[in-house]
Structures are given as structure tokens and as C-alpha cells.
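The primary structure of each chain is shown beneath.
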Amino acid sequence: MNTYSDPQTVQSLIASITIFSGWPPHLLDRLQSQSRSWFRTEGSILLSQGQIASGLFIIVKGSVEITAYSDQGQRYTRRFAPAGNLYGLVSVIDGKPSTFTYVAQTEVELIFIPSEVFLDALASQPHLWKNVALHAASVQRSVFAAVSEQMFEGLNLRLVRIILTLTQTHGISDSETGRIRIRVTQEQLGNFLGVTRQTIHKELKYLEKLNYIALDYGELFVLDQKALEGVRDQCEG
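The shown structure was predicted, so the numbers you read here are calculated from the model rather than taken from an experiment.

Cut-offs used in this document
Residues numbered from 1 in each chain as written. Predicted model: local features only at pLDDT ≥ 70, side-chain atom pairs only at ≥ 80, totals over all residues. Heavy atoms only, no water. Pairing = 2+ DSSP bridges. Helix = DSSP H or I, 4+ residues; strand = E, 2+ residues; numbered from the N terminus. Axes fitted to C-alpha atoms, helices over the stretch in contact; angles between N-to-C directions. Contact = heavy atoms within 4.5 Å. Phe/Tyr/Trp six-rings, centres within 6.5 Å; stacked < 30°, edge-to-face > 60°. Buried < 20%, exposed > 50% of the residue type's maximum accessible area, 1.4 Å probe, protein only. Lys NZ or Arg CZ within 6 Å of the ring centre and 35° of its normal.

### Some remarks on the sheet that holds strand β7 (residues 101–104)
Across the sheet, four strands lie side by side as β2-β7-β4-β5; this open sheet has antiparallel pairing. At either margin of the open sheet sits one strand with a lone partner, and together these are β2 (45–47) and β5 (75–81). Across the sheet, the axes of successive neighbouring strands diverge by a mean angle of 30 degrees, strand direction being ignored. Pairing of β2 with β7, which is carried by two bridges, proceeds in the antiparallel orientation. Bridge assignment links L47 to a residue of β7, and that residue is Y102. Sitting on the sheet, helix α7 (residues 186–193) is in contact with β4 (64–69) and β5, with an inclination near 105 degrees to β5.

As C-alpha cells, then:
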């Protein structure tokens, strides 16, 4: 692990994270000077379920898959976290093991801030705990929203919503064809939605028949984003 060669870039990245919004410059300087860069290859486990985080991780480049496993071995994918997201916070605060496993979905670049550096900074400025509380509240609301969707909404709508979300966070647009490529497997989509790959395949084939999407190995292409948005809006309206 090496320190970044451009301290100003690191400080700007840290300050862009909601939890650090409004932190005084001298504390941001301290975080920057004691942070380290991590570079990990696709498939690398960054933090395991049951492991206590040794610090905070900010995703600079790439995408991280956040997954949990039940005692019976069932897998649930919480989300794909793109650049600009932070993880490890809850484990750093309460000192307990992480409830999720974090895996590099692509090659990733991370900023690592050791636990003691982060907690010492908060101890010196206790009013900054409000930022932590607001960040935690935002995460809590997103979890409740996901549970509500799973309980009360149909699979077709939930699938369309996830595809549209991935279009915004992970989509790669082809200027010539207008297609948007999303690197995601049918198994991963099934883990997102708590259903089997076979069930997801059936739903995807229906959307493909409508020419809303096209399927390929390990990825899909959004052909008609407006049509997908129409499905979402009609179901939510």
C-alpha cells in the first residue's frame, strides 16, 4: 500500500463524501496525510462478512459488490457501489464484525483511512458526529426502501428499477448505436431480488422480446431506456 502522490486530489475526494461535508480543513489535512491507497484486482475480497473493519474505505475508481450470506448459505446482493461511496463505517464505530462481504466487481482503487485516525478526528470535534448520524440515517432509509420493495412490489417492477439504476451508475453508452451496456450476470440480478437465476431469465427474456433490452453473456444492453422508464412510472403512478 502506497500513499497517493497527489495529496490535494485525495483531500478533494474525501471532502466530496457526505459524511465529511463541512469538516474543517485541518482535519481533512490530517485524514489525507494518514490515508493510503489500495489497488485491488477484480474478484478481490476487500472486507469479509464477520470481519471487523480496520478503517474506512472510499471507492475512487471501479465498483464494489456488497453481499451477505445467511447461515444456510443463501446469498443476497445488497447493491453494486460505484465510485464515491464509502464502506466500513458501522464496523469502525461499534467495533463489531461487518454484516456484509465487499468484493471488487471490477479493478478498484480505494482510499483507506485507519479507524484510529477517523475516530480521533471525531473525538477532537464532537459536533461532527451529526454528519455520521445523517449518513447512517440515509443508509437506513435505503435499506427500509429495499425491504418495502421486496414485500409489496412485483418482480417485473423491481427488475426494471434495478436495470435503470445500474444504467445510471454502471452503464457504458455506445454513441453510435445508442445502446447502454451493463456488466451484470443473471445470477447477480437474482441475488439482488432474492429469486433464482431461472426466474430472472424468464423476466429478462420478456423484456428482450419487447426490444427493451438485449442479453449477452455476463452483461445486458439497454435498447430503450424510455420504455423501461415508462414501465416504472406506470407501475408507480
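### With respect to the packing of aromatic side chains
Taken as a whole and judged by the stated rule, the model has nine aromatic pairs. Summarising the aromatic geometry, the rings of F57 and Y87 are spaced 4.9 Å apart at their centres and angled 10 degrees between planes, so their arrangement reads as stacked. Here the residue F57 occupies a position in strand β3 (residues 55–61), and Y87 occupies one in strand β6 (residues 86–87), the gap between them amounting to 30 residues. Look at Y87 and you get buried, because its relative accessible area is 4%. Between Y87 and Y102 the ring centres are 4.4 Å apart and the planes differ by 10 degrees, which places this aromatic pair in the stacked class. Of the two residues, Y87 is situated in strand β6 and Y102 in strand β7; the sequence distance between them amounts to 15 residues. The side chain of R40 reaches across the aromatic face of W38, ending 4.6 Å from its centre. Above the face of the F221 ring, R179 is positioned so that its terminal group lies 4.0 Å from the ring centre.

### Some details on the sheet that holds strand β8 (residues 108–114)
One open sheet accounts for four strands, arranged β1-β8-β3-β6; its pairing is antiparallel. Of all strands in the sheet, those with a lone pairing partner are β1 (36–40) and β6, marking the two edges. Taken together, the five bridges between β1 and β8 define a ladder with antiparallel strand orientation. Of the residues in β8, the one forming a bridge with W38 is L110. Against the sheet, helix α4 (residues 115–124) touches β3 and β8, its axis set at about 55 degrees to β8.

Keep in mind these values describe shape, not function.
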